[in-house]
Amino acid sequence: MQPSTSPLSTLPLDPWCIRETAFDTASHFLRETLFALGNGYIGLRGTGEEGYTGPAGTSLDGTYLNGFYESEPIVYPESAFALAKTNQFMLNVPNAKGIAIEIDGARFDPLTGTLGRYERELDLRTGVLVRSLEWTAPGGKRIALRSRRVVSFANKHLFAIEVELTPLNFSGRITLRSFVDGAVKNQEAGDDPRVGSAVSGPALQTVAVEQDGAFSALVQRTHNSGFTLVSAIRSVVEGVDADAWQEGQRAGQTFVCTAVEGQPLRLTKYGSYHSSRDYPEGELLARAQETLTDAQAAGFEALCASQAAFLADFWAGADVEILGDDALQQGIRFNEYHLLQSVGRDGRTNIAAKGVTGEGYEGHYFWDTEIYIFPFFLYSKPEIARKLLEYRYAGLPQARERARQMSHAKGALYPWRTIAGGECSAYFPAGTAQYHINADIAYSIKSYYEATGDLDYMAQAGLEIVLETARIWIGIGSDDREGRFCINEVTGPDEYTALVNNNYYTNAMARMHLRFAADMADQLARERAGDFARVAAATGVTSEEIAVWRDAAARMHLPYDGKLGIHEQDDSFLSKKVWDFANTPKENYPLLLNYHPMVIYRHQVCKQADVVLALLLLSNEFTLEDKRRDFDYYEAVTTHDSSLSSCIFSIIASEVGYHDKAYDYFMETARLDLDDTHGNTHYGVHTAAMAGTWMGVAYGFAGMRVSDGALRFAPTLPRKWQHYQFKIQLRGAQLQVRVSGQVAEYTLLAGDALDFTHFGQEVALTRSAPAARISMEAQA
Ligand code: BGC
């Protein structure tokens, strides 16, 4: 099902809006993703309220709830001990958007009759999706239609739609039917793991339909995960009675309206989702009633006002301003907006690879969160970053259980992909074998602690995760004949190389992890003796065990090839044959869709940044020359078939002075979804790459690093730009960084003081001296 798509780049490059001015079946599927609305819980794809009657394969009218899933046994024709046994996948839940409009028997459908003026716009400051059009029914009756759709950021259970309809050349009967449709199912993935789930057929069983005047609700159950879901709507047309109706798994209200030429009719619909993942089953219906009654009482405008206020606060911390490249400006804001739409903020949910915009990767959470997405939230909205960490703490019991299944007597092993905490990766070479997930989580906890100084968090949860996950390195590592501590049979970030010994990234991150765990244990033992005693009792960690960690870290094997002067991706990587790039036709990329995994594994070829990612995360451990040589070598063998790759190459290219390359890689990331450069955005946005754009500006062009708590910048300005500007929060302060051709300006916007370096030069900002302007000429 590969639809042809036309990039949005042909549309206006408004810095704050995504706008289309034509209804086009060729790009419809893609734009359902781009115009998707979400609030970290509910995700509504951008399909019109009237549904879609275009050609097969050009639409997925999906509705998703972050963290709401069905589970199913993973069936292996040839199984093995401790392979993941149960998959969880995000469900396509009832479509509660539906509004059918009938004018004298003719149903409004952009693909029949005649569509006149048409415009759809998502303003990233208001969070309201507005569609405005004129349509002539086959019989000649003309209407103007304006709809507004909001998925509330303030109340995760709520969305609302308002449709305003004006007869332009007639007076007469217009029938409006508002409904919730429970006859939905998920996409089937086929051979492409990035598309959807392996399940076919409906997963939700309707157990009751509740109707009460303007209120309709479907009560449904999942078969295996045992959840109950209430999907409800409440519809109102002023001055017109609601007639309740039900057909099969559809329920709603009909309004028969006597329309008068030139006078608008208005239908407002409030929708909600509540599930037994969040509340006791017996409360769900009452909660839905209350949510919708309260929303109606407050009204649609109040919802819009609260949405705008929420977004004003978000942008005050998160906005990245780029002057000189409108396409990029639009791209980066679009990406940040989608990150906000995708991120679970309740501590029980996280951020899926495709957010809540599509079924690709089945709604699973990966390391994408900790390594790609976490920094954006940490430095823009630390309270959201903390929620992401809470999610991992909630999953610690399952991580412990998984460790036991994997024959580790002690410790916790986090799943490679999951929703509720259990390992869901059915293909272990590019799944469970990515043990680096443990270090990635520890890294994000370390970054959080260094950025916030939140020792309470470390005492309550952080330390326990870090200690339990550190243990696994000792569990899987061993000394080689030269006394080096080795970690064998793992897969690093690069999924085109699997099950190797001493993956550089894994070993270097494990070393960081072991040291951090030991340091944190010492610090808490000193500063919070009571808390430390509690965690030590709960985990059984002893000072002897910590000494073993320090020793393993000191002897960690970090493969290096002296002849080439580069860090080896793993023990065997450089001995393999280089992939024959010259004779690989363009259409054979991504390689994963065209070659058996083993064919790929036998070669020197990378899907994504691996050693190059270590250069960023562990920046202080490498010289600039190291970084340049590693970049040169690995760039030549990397396909960037993963959307997680280009942003990292952009950042390191900036650092080593390859400014044009930095810009090109950055461009690939910044508009990856808007321009559908990977050709699969119709299945959902790429949240890791979206966050990679923020990193590309902060870590790349501005050269920001926070290493062991010390903040530094080394900014450059891409030739095309006049300036860029962003803000970060660190240690209770908020700093604005603005870089133009001539000067770098650092302004302390909040907090008492902040120290950092600019190209090694010390800068100390205080309340009384809150700004520094530093000439960039020396760097030019
Ligand atoms: C990448 C992984 C990533 C996953 C989900 C894969 O293509 O190789 O690194 O975690 O996508 O985004």
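In the annotation of an unreviewed UniProt entry, the entry for the chain reads Glycoside hydrolase family 65 protein, and the organism field reads Massilia suwonensis. Regarding the chain, the relevant UniProt record gives this comment under Sequence similarities (unreviewed entry): "Belongs to the glycosyl hydrolase 65 family."

Attention now goes to the overall build of the chain. If you tally the helices and strands in the chain, you get 18 helices and 33 strands. Against the 2.2 N^0.38 benchmark of 28 Å for 780 residues, the chain shows a C-alpha radius of gyration of 27 Å, consistent with a compact globule. Taken along the three principal axes of its C-alpha coordinates, the chain extends 85 × 60 × 60 Å. With 780 residues in all, the chain has 63% of them scored as buried. Summed over all atoms, the accessible surface of the chain reaches about 27,400 Å², with 50% contributed by carbon and sulfur. Taken as two groups, the 71 positive and 97 negative side-chain charges of the chain have centres that lie 1 Å from each other.

Before going further, it helps to spend a moment on the packing of helix α8 (residues 436–452) against helix α9 (residues 455–476). The N-to-C vectors of α8 and α9 enclose an angle of 155 degrees; their axes lie 9 Å apart at closest approach. In terms of orientation, α8 lies roughly antiparallel with respect to α9. Crossing of α8 against α9: the hand is left-handed. Note on element contacts: α9 touches α8 through Leu455, Tyr457, Met458, Gly462, Ile465, Val466, Thr469, Ile472 and Trp473, opposite His436, Asn438, Ala439, Ile441, Ala442, Ile445, Tyr448 and Tyr449. Residue classes in the contact of α8 with α9 are distributed as 13 nonpolar, 4 polar and no charged.

We now examine the state of the cysteines. Scanning the entire structure with this criterion turns up 0 disulfides. The structure places no disulfide on cysteine 304, whose sulfur is separated from the nearest cysteine sulfur, that of cysteine 17, by 14 Å. Here cysteine 304 falls in the buried class, since its relative accessible area comes to 11%.

Taken in spatial order, the 4 strands line up as β2-β3-β4-β5 in an open sheet, and their pairing is antiparallel. The outermost strands of the open sheet, each flanked by one partner alone, are β2 (37–38) and β5 (86–92). One ladder, built from 3 bridges, connects strand β3 (residues 42–44) with strand β4 (residues 63–73); its direction is antiparallel. Bridge pairing in β4 links glycine 43 to tyrosine 64.

The next thing to look at is the UniProt feature "domain: Glycoside hydrolase family 65 central catalytic" (unreviewed entry) in the chain. Here the UniProt-annotated "domain: Glycoside hydrolase family 65 central catalytic" (unreviewed entry) positions come out as residues 333–695. Helix makes up 52% of residues 333–695 and strand makes up 4%, while its end C-alpha atoms are separated by 13 Å.

So, about the site of the ligand. Around the ligand lies a shell formed by Ala353, Tyr361, Phe366, Trp367, Asp368, Trp416, Glu495, Lys607, Gln608, Ser642 and Leu644. Within the side chain of tyrosine 361, one N or O atom sits 3.0 Å away from an oxygen atom of the ligand. Coverage of the ligand by the protein amounts to 94% of the 310 Å² it exposes when considered alone. Class assignment for the residues of the shell around the ligand results in 6 nonpolar, 2 polar and 3 charged.

Okay, the sheet that holds strand β14 (residues 215–222) next. On the basis of which strands lie adjacent, the open sheet formed by 9 strands has the order β1-β8-β9-β10-β11-β18-β15-β14-β13 and antiparallel pairing. Strand pairing shows two members of the sheet lacking a second neighbour, β1 (17–20) and β13 (204–212), which therefore form its edges. On average, adjacent strands in this sheet sit at an angle of 15 degrees to one another, irrespective of strand direction. Of the strand pairs in this sheet, strand β10 (residues 142–151) and strand β11 (residues 158–167) are connected by 9 bridges, and their pairing is antiparallel. Note that in β11 the partner of arginine 146 across the bridge is glutamate 164. Across the sheet, helix α2 (residues 284–298) touches β11, β13, β14, β15 (228–237) and β18 (265–275), and the angle it forms with β18 is around 150 degrees.

The full count for this structure, using the stated rule, is 62 salt bridges. Across the salt bridge formed by glutamate 301 and arginine 148, the nearest N and O atoms sit 2.6 Å from each other. Placement of glutamate 301 in helix α3 (residues 300–318) and of arginine 148 in strand β10 is noted, with a sequence separation of 153 residues between them. Given a relative accessible area of 12%, arginine 148 falls into the buried group. For aspartate 660, the salt bridge goes to arginine 719, with nearest N and O atoms at 2.7 Å. With aspartate 660 in helix α17 (residues 659–670) and arginine 719 in the loop between β27 (710–713) and β28 (723–730), the pair connects residues that are 59 residues apart, well separated along the chain.

So, on to the packing of aromatic side chains. Per the counting criterion, the structure on display carries 39 aromatic pairs. Aromatic side chains phenylalanine 68 and phenylalanine 227 sit 5.7 Å apart centroid to centroid with 40 degrees between the ring planes, which places their arrangement in the tilted category. Highlighted residues: phenylalanine 68 in strand β4 and phenylalanine 227 in the loop between β14 and β15, separated in sequence by 159 residues. The residues phenylalanine 68 and phenylalanine 227 share a single accessibility class, namely buried. Ring centres 5.3 Å apart and planes at 75 degrees place the aromatic pair tyrosine 361 and phenylalanine 366 in the edge-to-face group. Within the aromatic cluster, the residues linked to one another by ring pairs are Trp16, Phe314, Trp315, Phe376, Phe377, Tyr379, Trp694 and Tyr699. Above the plane of the ring of phenylalanine 35 lies arginine 120, whose end atom (NZ or CZ) is 4.2 Å from the centre. If you follow lysine 156 out to its NZ or CZ, it ends over the ring of tyrosine 41, 4.4 Å from the centre.

With 215 residues, the main nonpolar core has Tyr372, Phe713 and Phe726 as its most contacted residues. Excluding anything up to four places from it in sequence, phenylalanine 726 contacts Asp319, Val320, Val697, Ala698, Ala702, Met704, Phe713, Leu735, Gln736 and Val737. Listed in part, the 19 residues of the second largest apolar core include Ala160, Val219, Tyr270 and Leu292.

Axis separation between α17 and helix α18 (residues 687–701) bottoms out at 8 Å; the angle between their running directions is 150 degrees. Relative to α18, α17 is oriented roughly antiparallel. α17 and α18 meet at a crossing whose hand is left-handed. Residues Ala662, Tyr663, Phe666, Thr669 and Ala670 of α17 form the contact with α18, whose own contacting residues are Ala689, Gly692, Thr693, Gly696, Val697 and Phe701. Grouping the constituent residues of the contact of α17 with α18 by class yields 7 nonpolar, 4 polar and no charged.

Extensive coverage of strand β9 (residues 128–136) is indicated by the burial of 7 of its 9 residues. Once strand β8 (residues 114–123) ends, the chain turns through 4 residues before running back antiparallel as β9, passing glycine 127 with a positive phi of about 70 degrees. Pairing geometry for β9 and β10, over 8 bridges, is antiparallel. Its bridge partner being in β10, valine 130 is matched across the sheet by arginine 148. Between β9 and β10, which pair antiparallel and follow one another directly, the connecting turn spans 5 residues, one of which, glycine 140, has a positive phi of 110 degrees.

What counts and how
Residues numbered from 1 in each chain as written. Predicted model: local features only at pLDDT ≥ 70, side-chain atom pairs only at ≥ 80, totals over all residues. Heavy atoms only, no water. UniProt positions renumbered as here; feature names shortened; annotations may be inferred. Helix = DSSP H or I, 4+ residues; strand = E, 2+ residues; numbered from the N terminus. Rg over C-alpha atoms; globule rule 2.2 N^0.38 Å. Buried < 20%, exposed > 50% of the residue type's maximum accessible area, 1.4 Å probe, protein only. Areas by Shrake-Rupley, 256 points an atom, 1.4 Å probe, with all protein chains shown as cover. Lys, Arg positive; Asp, Glu negative; His and termini not counted. Charge placed at Lys NZ, Arg CZ, Asp CG, Glu CD. Axes fitted to C-alpha atoms, helices over the stretch in contact; angles between N-to-C directions. Parallel < 35°, antiparallel > 145°, perpendicular 65-115°, else oblique. Left-handed = near helix turned anticlockwise from the far one by under 90°. Contact = heavy atoms within 4.5 Å. Nonpolar A, V, L, I, M, F, W, Y, C, P; charged D, E, K, R; others polar. Disulfide = S-S within 2.5 Å. Pairing = 2+ DSSP bridges. Near = heavy atom within 4 Å. Polar contact = N/O pair within 3.5 Å; in protein donor to acceptor, adjacent residues only side chain to side chain. Salt bridge = Lys/Arg side-chain N within 4 Å of Asp/Glu carboxyl O. Phe/Tyr/Trp six-rings, centres within 6.5 Å; stacked < 30°, edge-to-face > 60°. Lys NZ or Arg CZ within 6 Å of the ring centre and 35° of its normal. Core = buried A, V, L, I, M, F, W, Y, C linked by side-chain atoms within 4.5 Å.

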